[in-house]
Amino acid sequence: MSLPNYLTPEMKKELSDVAKAIVAPGKGILAADESTGTMGKRLANIGVANEEENRRLYRQLLFTSEQTEMAKNISGVILFHETLYQKADNGKPLVDLITAKGIIPGIKVDKGVVPLLGTDGETTTQGLDGLGERCSQYRKDGARFAKWRSVLKIGKNMPSQLAILENANVLARYASICQMNGLVPIVEPEILPDGDHDLATSQHVTEKVLAAVYKALNDHHVYLEGTLLKPNMCTSGMSRAARATPEEVGRATVTALQRTVPAAVPGVTFLSGGQSEEEACLNLNAINQTAGRKPWALTFSFGRALQASALKAWAGKDVKAGQTEFLARAKASGLSAVGQYAGGTSGAAGKTSLFVPQHAY
């Protein structure tokens, strides 16, 4: 029986091909989709004004990094709306600089979090209105995948069942709209690391959230082979004195995924979640070294953990220094994605915590 609103075989193949290309061995995603406000905070840390030209210059620095080296470890770049339509000094669209390297452009499509009534500061994510039209236009303008971030908290009676189900449903609706318009959806249910909870609590909550997300994706007829998951790693809370080791993080994270994520999903692209650049790589490396059945690629979709040293080295002036730091972190992340990172890649911000309480984009 043919149903009118299901994806065609051709659409499924294209979505699947893009998803698999993004999680090719040793490659991952540069998340460069910081909003204007968030980018302003990052620029303020290095004494640079939050102006469109400075944001353009910084993104140009990333995207003009040495072509062969960048493409070895970066398969996709998530862009903010502004960046998708900016041009390089030579007049070429920045998105064309990305595709010329064989890297796939993506786009952030959510419009931020809003409060849920009757909860202790829990949120849902807005942006579904007009999403189909925006996805269609973004595809015409070069994007091939999208990202939507939902946020959940660990605390007393949190996450609530309301927050879990609401965010799972919103993520599934977003994913189905993306696929109908030819974009691979990256599904991001981020459980914030705020608090002093232990590793077991993080793992338990991650399992509950991911189980709800995949139930919702199934209910919404989302084609899993044409999606990617962007979850948090299972870690101790940032305020906890005794932090879990990378090996413990690896075991807890892989176990949580084994219990919840279908084998049909091509890959898991972890967010760094405020970990330092080095900590994020060591934990990702341990996840890949953890024994057991892992039917998905386990790689990265890092923002701060790929850019902190680059921003500090650039400081609004030194493009070459910024690019050198970025490529070093990309290489370390790529090695971590195949379990071959030995550690020790020092950078301008290598071991500095990148944690931001109640982090919002």
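Whatever comes next refers back to the structure up there.
These notes cover the structure that comes with them. (Residues numbered from 1 in each chain as written. Predicted model: local features only at pLDDT ≥ 70, side-chain atom pairs only at ≥ 80, totals over all residues. Heavy atoms only, no water.)

**Observations concerning the pattern of salt bridges**
Under the convention used in this document: Take a side-chain nitrogen of Lys or Arg and a carboxyl oxygen of Asp or Glu: if they are within 4 Å of each other, that pair is a salt bridge. Strands are runs of DSSP state E lasting at least two residues, helices are runs of H or I lasting at least four, and both sets are numbered from the N terminus onward. For every residue, the accessible area (1.4 Å probe, protein chains only) is compared with the maximum for its type, and the residue is labelled buried under 20%, exposed over 50%, or partly exposed between those bounds.
A full pass over the atoms with the stated rule returns 17 salt bridges. As a salt-bridge pair, lysine 147 and aspartate 33 come within 2.8 Å of each other at their nearest N and O atoms. One end of the pair, lysine 147, is in strand S6 (residues 145-152); the other, aspartate 33, is in the loop between strand S1 (28-32) and helix H2 (36-44), and 114 residues separate them in sequence. Residue classification places lysine 147 among the buried positions, given a relative accessible area of 0%. The salt bridge partner of glutamate 279 is arginine 243, with a shortest N-O separation of 3.2 Å. Remark: arginine 243 occurs in the loop between strand S8 (228-229) and helix H10 (246-260) and glutamate 279 occurs in helix H11 (residues 277-289); sequence separation between them is 36 residues. Assessed through its relative accessible area of 27%, glutamate 279 is described here as partly exposed. For arginine 243, a relative accessible area of 31% translates into the label partly exposed. Counted as one network, the salt bridges with shared partners bring together Asp33, Lys147, Arg149, Glu188 and Glu190.

**Quick notes on the packing of H2 against helix H3 (residues 52-63)**
We count it as follows: Helix axes are fitted to C-alpha atoms over the stretch in contact, other axes to C-alpha atoms as well, and angles between N-to-C directions run from 0 to 180 degrees. Here is the rule for angles: anything less than 35 degrees is roughly parallel, anything more than 145 is roughly antiparallel, 65 through 115 is roughly perpendicular, and the remaining ranges are oblique. Here, residues are in contact when the closest pair of their heavy atoms is within 4.5 Å. Under this grouping Gly is polar, as are all residues other than the nonpolar Ala, Val, Leu, Ile, Met, Phe, Trp, Tyr, Cys and Pro and the charged Asp, Glu, Lys and Arg.
H3 packs onto H2 with a crossing angle of 80° between their chain directions and a minimal axis gap of 11 Å. Taken together, the axes of H2 and H3 lie roughly perpendicular to each other. Between H2, through Thr36, Met39 and Leu43, and H3, the contact on the second element is made entirely by Asn54, Arg55, Tyr58 and Arg59. Residue composition of the contact of H2 with H3, by class: three nonpolar, two polar and two charged.

**A short note on helix H7 (residues 131-140)**
Side chains that are three or four residues apart share a direction in an α-helix, a result of its 3.6 residues per turn. Heads up, the condition is: By definition, the arc is the one covered by directions from the helix axis to the C-beta atoms.
Taken together, the buried positions of H7 are Leu131, Arg134, Cys135 and Tyr138. Along the long axis of H7, the arc covered by the buried residues comes to 100°, so they all point the same way. Along H7, the residues that are exposed and aim more than 90 degrees away from the buried face are Glu133 and Lys140. Following H7 by one or two positions, glycine 142 has its phi on the positive side, about 115°.

**Let's talk about the layout of surface pockets**
Which entries qualify depends on this criterion: Site definitions follow a grid-based scheme: protein atoms alone, a 1 Å grid, a 1.4 Å probe that fits but cannot get out for cavities, and for pockets an open set with protein on both sides within 12 Å along at least five of seven lines, plus lining residues having an atom within 4 Å of a point. Grid points are joined across faces, edges and corners, and a volume is the space filled by probe spheres set on the points.
Each pocket or cavity is described by its volume, and for the second largest pocket that value is around 240 Å³. Taken together, Asn5, Tyr6, Leu7, Lys12, Ser176, Gln179, Met180, His220, His221, Val222 and Tyr223 form the lining of the second largest pocket. For the lining of the second largest pocket, the element with the most residues is helix H8 (residues 161-180), which contributes three residues. Taken together, the residues of the lining of the second largest pocket sort by class into five nonpolar, five polar and one charged.

**Considerations on the side chain of threonine 124**
Heads up, the rule is: Residues adjacent in sequence count toward polar contacts only when both atoms are side-chain atoms; beyond that, a polar contact is any pair of N or O atoms within 3.5 Å, and within protein one must be able to donate a hydrogen and the other to accept it.
Inspection of the secondary structure puts threonine 124 in strand S5 (residues 123-125). Only 2.7 Å separates the side chain of threonine 124 from the side chain of glutamate 166, close enough to count as a polar contact. Apart from residues no more than four positions distant in its own chain, threonine 124 is found in contact with Gly112, Val113, Val114, Leu116, Glu166, Asn167 and Val170.

**Some words on the packing of helix H12 (residues 304-314) against helix H13 (residues 319-336)**
Filter applied, for reference: Note on convention: near helix rotated counterclockwise from far helix by under a right angle means a left-handed crossing. Clockwise means right-handed.
Close contact between H12 and H13 brings their axes to 7 Å; oriented N to C, the two are set at 160°. Relative to H13, the element H12 lies roughly antiparallel. Crossing of H12 over H13 shows right-handed handedness. Across the interface between the two elements, Ala305, Leu306, Ser309, Ala310, Ala313 and Trp314 from H12 touch Val319, Ala321, Gly322, Glu325, Phe326, Arg329, Ala330 and Ser333 from H13. Per-class residue counts for the contact of H12 with H13 are nine nonpolar, three polar and two charged.

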